[in-house]
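# Descriptive structure summary
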Amino acid sequence: MKYVDEFRDGNAARVLAEQIGAEVRPDRQYRLMEFCGGHTHTIFRCGVPDLLPDNVQMMHGPGCPVCVLPVKRIDAAVELALKHRVILCSYGDMLRVPGSQRMSLQKAKGQGADVRMLYSPADALAIAHQNPDRQVVFFAIGFETTTPPTAVILQQADQQALRNFSVFCNHVLTPPAIRGILEPARESGRSILEGLIGPGHVSLIIGSNPYRQLVDDYHLPIVVSGFEPLDLLQSIHRLIGLVNQGCCTVENQYTRAVSEQGNLRAQELMSEYFELRESFEWRGLGEMPASALRIKKRYAHLDAESRFDLTDSAGLDNKACECPAVLRAALKPTDCKLFGRSCTPENPIGSCMVSSEGACAAYYTYRTGAAGSV
Amino acid sequence: MPLITPIEQGRPDQYKQTLVNFLAGDRNYMKPDLAHGVIEMAHGSGGRAMAELIDQLFLKHFDNRWLQQKQDHATLQTEAGRLAMSTDSHVVSPLFFPGGDIGSLSIYGTVNDVAMSGAQPLYLSAGFVLEEGFPLADLSRIVQSMAAAAREAGVVVVTGDTKVVEKGKADGVYINTTGIGFIPETLELSPTRICPGDKILINGPIGNHGVAILSRRENLAFESDIRSDLQPLNHLVAAMTEAVPGIHFLRDPTRGGVAASLNELAHQGGFAMSLEEAALKIDDSVRAVVELLGLDPLYIANEGKLLAFCAPEDADRLLQVMQAHPQGRNTTVIGEVQVGQAGVVSLNTRFGGKRLVDWRYSDPLPRIC
């Protein structure tokens, strides 16, 4: 298939793998983190680790929107659907994430809540038009990638003066999450990573510039990468080169999509409708200042958090679930005693087992990490 | 190679045992709870959930040597020869889809199940469950389509049944068909004949049926020219078994796709299988859809495909015969059976890596056939 096969070519992969092998110094470790869950999925699906030398280790970052949402936000969505009887719309994966007492939106649906799965946020507006007597709430999640589409439906709902539509905003930001991973290590004087693969789709929106401060603060190189396996191999090759040179800079491998400034029009739209929250809780990373967005006061009529009285649930994770440590790359999915036993993609306990972008789901599906298993 | 080193050395090794147990087939948590559980869509989807339900309930109570074969058909010894018998209920939604409808599907579905035994299907029964209010014009279209399909496959519908339920108690029409046919003396197709070294062939690109159905589902309407691969396979099977009577086994990878069929066989037989991604054909239009929706074509249903297992020395001849047949023009050898770890199906990616092809709990798309 045009523009896909070119980026999955086995011969080109072998050449790149040889170049990586030649670049790697045998006497050192290269711990490279791919921030984005989309990258994690590609790495496992295409068997990228099989092409890497043993001392190059891929570590999996928290860049999976479904995974990082804390239990209490899921509880709030369930409350909107069950108690406030709204039509709650969200993306498919979000329906299956368990909240407190393993209650999910899917289970709420089984109890009579009106929960709809969407492929596009624009469908939520259509549902609001079709159901003028019902309140319709779009459960918005995701990093900078999915924020502009949410801004667009806020804009349209505002222009159309829709009275029965609001957004439950859970959009989070990438650079603070990278800090959330690196800052605790810096404070304790440990080194946990030699380099970072920057997310491609996020950078399409925010550009590659926001990473500059990060490389200065944490002294490691960042290469923004595309999503095809050859993109990733090329980024890994470049990252290893930068590590060897001791060069802490930002580079952009994904030049066919990402610019330094990013998508200015999208950024403008985001700043029209959203502002920074003082603080937001992330699963695994805890409370982090200025790490998420909320809807501006001026558009409070479109903000589900203003419109509905939501209980602040304690939102406790299952005690045995290791998702928080997996999200910090502190543990492997297979180190969790629930993994593959009571927690599977069909019946997930932790969020990282739900989405295909979650590290646990990738390990389970492609059985990676169990040496010699396939 | 180790993929990741824990930043903080965390957990005792006993937890790693979890994965080892899992890989060794400790899948007890999948067992249905027959006292308190309820039927889920997954129980009809051709994945592990369905296999468990069959084992724990149907096989347990109907226990006999025919069912224990765990095939889509039974082989019955009669004075006239070995009779193959198979039954299949069809609940596909929507009823009409690009490349077919529930009528042609109900004929070819059973014809193909009988054909996988090596038999030429002869006679079919057809049982209809009709919903009150269902348009007769639609029923007429479906029955005419069944008649045309029966002619194409060379079978006759010789008995039937019609039941009507109140409006809302069924979704339009459901059709059950049962088929019989005689297996030629010379053939011995059985999963027990599959052995390490066997080559695995498939008669063309995968995923078309599932994606064609998906393209007509209400909340996912997209424009495409993708048609179901629905077709009778008995003529192709006749050509294959005539040329290579020593063929080991045939299976049509319907619900759950190629992945479910191969996993089930690898699990039952206690061997491993290895596939070559580069040899798996997928139509460009199907690939475009699965790329966009994040689906894996290995798990998507087919209705006109068969997987053939044969000794390596027979593979070239079988490939030629299949490629020379209209229903097998795009046949490729997609992999082989290996000694390896029991029940493990792996894929050598086009990219040069290797990954597991998991046996999933359920099919991502319900009511596909």
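All values derive from a computational prediction rather than experimental measurement.

Thresholds applied
- Residues numbered from 1 in each chain as written.
- Chains lettered and ligands numbered in written order.
- Predicted model: local features only at pLDDT ≥ 70, side-chain atom pairs only at ≥ 80, totals over all residues.
- Pairing = 2+ DSSP bridges.
- Helix = DSSP H or I, 4+ residues; strand = E, 2+ residues; numbered from the N terminus.
- Axes fitted to C-alpha atoms, helices over the stretch in contact; angles between N-to-C directions.
- Contact = placed C-beta atoms within 7 Å.
- Domains from an automatic or database assignment.
- Nonpolar A, V, L, I, M, F, W, Y, C, P; charged D, E, K, R; others polar.
- Buried ≥ 20, exposed ≤ 12 C-beta atoms within 10 Å, placed from the backbone.
- Core = buried A, V, L, I, M, F, W, Y, C linked by C-beta atoms within 7 Å.
- Right-handed = clockwise from strand over helix to strand, strands pointing away.

All right, on to the sheet that holds strand 4 (residues 114–118) of chain A then. All names here are of chain A. Strands sit in the order 4-3-5-6 across an open sheet of four strands; the sheet is parallel. Each of the sheet's edge strands pairs with one partner strand only, and the pair in question is strand 4 and strand 6 (165–171). In this sheet, adjacent strand axes meet at a mean angle of 25° when their direction is disregarded. Relative to strand 4, strand 3 (residues 87–91) runs parallel, the two sharing five bridges. From the neighbouring strand, Y91 faces strand 4, where its bridge partner is L118. Against the sheet, helix 7 (residues 122–130) engages strand 3, strand 4, strand 5 (136–142) and strand 6, with an angle of about 170° to strand 5. Contacting strand 5 and strand 6, helix 8 (residues 147–159) crosses the sheet at an angle of about 160° to strand 6.

Residue and element names in this part refer to chain B. According to the domain assignment, chain B contains domain 1 (76–183) and domain 2 (191–356). Contact with domain 1, which involves 20 residues of that partner, is made by 20 residues of domain 2. With eight residues, helix 3 (residues 102–115) is the largest single contributor of residues to the side of domain 1 that touches domain 2. Its residues placed into classes, the side of domain 1 that touches domain 2 shows 11 nonpolar, seven polar and two charged.

Moving on to helix 16 (residues 359–366) of chain A. In terms of burial, helix 16 of chain A is largely enclosed, as eight of its eight residues are buried. Every buried residue belonging to helix 16 of chain A is among A359(A), C360(A), A361(A), A362(A), Y363(A), Y364(A), T365(A) and Y366(A), and all of these are buried. Where helix 16 of chain A is buried, its residues meet helix 2 (37–45), strand 2 (56–63) and helix 15 (323–327) of chain A together with strand 14 (354–356) of chain B. Remark: R367(A) follows helix 16 of chain A within two positions and exhibits a positive phi of approximately 50°.

Moving on to the sheet that holds strand 9 (residues 249–251) of chain B. All names here are of chain B. Read across the open sheet, the seven strands follow the order 9-11-8-12-10-13-14; overall the sheet is mixed. The open sheet terminates on both sides in strands that have one partner only, identified here as strand 9 and strand 14. The average angle at which neighbouring strand axes cross in this sheet is 25°, direction not considered. As defined by bridge partners, strand 10 (residues 272–276) adjoins strand 13 (residues 345–348) across four bridges and the pair is classed as parallel. Bridge assignment links E276 to a residue of strand 13, and that residue is N348. Running over the sheet, helix 9 (residues 315–323) touches strand 8 (199–202), strand 11 (307–310) and strand 12 (332–338) and is turned about 5° from strand 8.

Side chains V345(B) and L347(B) of strand 13 of chain B all project onto a buried face; the interleaved residues S346(B) and N348(B) project onto the opposite face, where all are buried too. In this structure, the hairpin formed by strand 13 of chain B and strand 14 of chain B is closed by a connection of five residues, where G352(B) is found at a positive phi of approximately 105°.

Next up on the list: the domain arrangement of chain A. All names here are of chain A. Per the domain assignment, the segments of chain A are domain 1 (25–60 + 175–252), domain 2 (67–172 + 262–304) and domain 3 (323–366). Distance between the C-alpha centres of domain 2 and domain 3: 24 Å. Of the residues lining the interface, 10 residues belong to domain 2; the matching set on domain 3 comes to 11 residues. Those elements giving two or more residues to the side of domain 2 that touches domain 3 turn out to be helix 3 (65–68) and helix 5 (92–96).

So, about the nonpolar core. Ranked by size, the top nonpolar core spans 205 residues in total, and within it A77(A), A81(A), L88(A), V137(A), F139(A), F168(A) and A308(B) carry the most contacts. Sequence-distant contacts of F168(A), that is, excluding residues within four places in its chain, are made with A77(A), L80(A), V137(A), F138(A), F139(A), A140(A), A304(A) and E305(A). With six residues, the next largest nonpolar core counts A42(B), A49(B), A51(B) and L53(B) among its residues.

Another aspect to go through is the pairing of strand 6 (residues 156–165) of chain B. Every regular strand shows the same layout, with side chains that alternate between the two sheet faces. Residue and element names in this part refer to chain B. When you tally the buried positions in strand 6, you get zero out of 10 residues, a small fraction of the element. As paired elements, strand 5 (residues 120–131) and strand 6 share nine bridges and run parallel to each other. Looking at the pairing, L124 lines up with V157 of strand 6. Handedness of the crossover joining strand 5 and strand 6 through helix 4 (residues 136–153): right-handed.

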